[in-house]
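Take a look at the letters that make up each chain.
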Amino acid sequence: FSVDTYNGESIYMYYTYNESLFLVEKYLNGKLSISGEEHRPITADVRALEALEASVSISFKYKIYDKYEGIDTSYVESKLKSSIVAYLENKKLGENISQNDLAGYIYTDKSVNSLIQYIILPFDKFEITGKENVDENGKSVNELNIEDIEYPVLDLNNLNLTAL
C-alpha cells in the first residue's frame, strides 16, 4: 500500500509474525512441500499404564456450628462426603494424602465450611483399605503413601462421619 507523507516523515508498521502459522499457510496454498526430518510433525512417545485404585477408609468426628444444632446430620455428612471426594479427585497419581491437608481442604470448601466448626484430629481411621496403616502404637497414620501407579478414591463402605 502507499502512504502520502509530508515533510519527509517516516511511517513504521509493526505486526506479529508466527512462523509456524506462516509455514502451515504456505503448505496449504501449495507453496511449500514438506519433506525431510526438519519438517516432520512433533510427536511424543506415549506410555500407557493401568492405574490402580487406592481405596481410602476414613472415620472422624466433627462439630457442627451451634446455630445448626438441630440440622439433619445426613445433610452435613452428604456435604462432607462430596468435599472429601473432591479433595481426592484433585490428587495426582502417586501423590500422598494427609489428614491435615484433608481437614484444611474441608475448612476452605465453601459448600461445607459454614456448617463445620471443627474436625477432631487425628482421625479415628485413615487408611488405604486392605493395607496396614498404623504406627507402632496402633494409631492411625497421619499420611497415606500412595504408590506411583495408584490414585485415591473414597471407600464409601468404610466412611464413618460422627457429629458431636
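Small disclaimer: the values here were computed from a predicted structure and weren't measured. (Residues numbered from 1 in each chain as written. Predicted model: local features only at pLDDT ≥ 70, side-chain atom pairs only at ≥ 80, totals over all residues. Heavy atoms only, no water.)

Participant: Teacher, can you tell me more about the overall build of the chain here?
Facilitator: Within the chain, the secondary structure is distributed over 3 helices and 6 strands. Listing the helices and strands of the chain from first to last along the sequence gives α-β-α-β-α-β-β-β-β. Across the 164 residues in the chain, those meeting the buried criterion constitute 25%. In the chain, the proportion of contacts linking residues at least 24 apart, taken out of those at least 6 apart, comes to 69%. Of the roughly 12000 Å² of accessible surface on the chain, 48% is carried by carbon and sulfur atoms. (Helix = DSSP H or I, 4+ residues; strand = E, 2+ residues; numbered from the N terminus. Buried < 20%, exposed > 50% of the residue type's maximum accessible area, 1.4 Å probe, protein only. Contact = heavy atoms within 4.5 Å. Areas by Shrake-Rupley, 256 points an atom, 1.4 Å probe, with all protein chains shown as cover.)

Participant: Help me understand the side chain of Ser57, please; the structure alone is not making it clear to me.
Facilitator: Within the element layout of this structure, Ser57 appears in strand β1 (residues 52-64). Overall, the relative accessible area of 1% leaves Ser57 in the buried class. In terms of polar contacts, Ser57 uses its side chain to reach the side chain of Thr129, at 2.7 Å. Not counting the four nearest positions on each side in its chain, Ser57 is found in contact with Lys125, Phe126, Glu127, Thr129, Asp155 and Asn158. (Polar contact = N/O pair within 3.5 Å; in protein donor to acceptor, adjacent residues only side chain to side chain.)

Participant: Explanation requested: the environment of Ser111 in the structure shown.
Facilitator: Relative to the helices and strands, Ser111 is located in the loop between α3 (99-108) and β3 (116-119). Within the structure, the side chain of Ser111 is placed 3.0 Å from the side chain of Asp109, a separation counted as a polar contact.

Participant: Would you take a moment to explain a nonpolar patch on the surface for this structure?
Facilitator: Taken together, the side chains of Tyr107, Tyr118, Ile120 and Leu164 make up a nonpolar region of the molecular surface, amounting to roughly 330 Å² of accessible area. As for its position among the elements, Tyr107 is in helix α3. (Patch = residues over 30% accessible without salt bridge, like charges linked within 9 Å, V, L, I, M, F, W, Y side chains within 5 Å. Salt bridge = Lys/Arg side-chain N within 4 Å of Asp/Glu carboxyl O.)

Participant: What's the story with α3 in this structure? I'm lost.
Facilitator: A turn of α-helix holds 3.6 residues, and therefore any two residues three or four places apart point the same way. Taken as a whole, α3 has its buried residues at Gln99, Leu102, Ala103 and Ile106. The buried residues of α3 all sit within an arc of 95° when viewed along its axis, so they share a single face. The secondary structure elements touched by the buried residues of α3 are β1, α2 (73-89), β2 (97-98), β3 and β4 (125-128). (Arc of directions from axis to C-beta.)

Participant: What is the right way to read the nonpolar core from this model?
Facilitator: Taken as a class, soluble globular proteins show a tendency for nonpolar side chains to be buried jointly. If you look at the biggest cluster of nonpolar residues, it comprises 27 residues, and the most contacted ones within it are Ile58, Phe60, Tyr62, Leu80 and Ile84. Those elements that place two or more of their residues in this core are β1, α2, α3, β3, β4 and β6 (150-163). Take this core: its biggest share by element is 6 residues, from β1. Sequence-distant contacts of Ile58, that is, excluding residues within four places in its chain, are made with Ile84, Leu102, Phe123, Lys125, Phe126, Leu154, Asn158, Leu159 and Asn160. (Core = buried A, V, L, I, M, F, W, Y, C linked by side-chain atoms within 4.5 Å.)

Participant: Can you walk me through the packing of aromatic side chains in this structure?
Facilitator: The description of an aromatic ring pair rests on the distance of the ring centres and on the angle between the ring planes. Enumeration according to the criterion identifies 3 aromatic pairs in this entry. For the pair Tyr87 and Tyr105, a centre-to-centre distance of 5.5 Å together with 50° between the ring planes defines the contact as tilted. Here Tyr87, found in helix α2, pairs with Tyr105, found in helix α3; they are 18 residues apart in sequence, far enough to count as distant. Take Tyr87: its relative accessible area is 6%, and that puts it in the buried class. An angle of 80° between the planes, with centres 5.5 Å apart, marks the rings of Phe123 and Phe126 as edge-to-face. Overall, Phe126 belongs to the buried group, its relative accessible area being 1%. In textbook terms, an aromatic cluster arises when at least three aromatic residues are bridged by ring pairs, as seen for Phe60, Phe123 and Phe126. (Phe/Tyr/Trp six-rings, centres within 6.5 Å; stacked < 30°, edge-to-face > 60°.)

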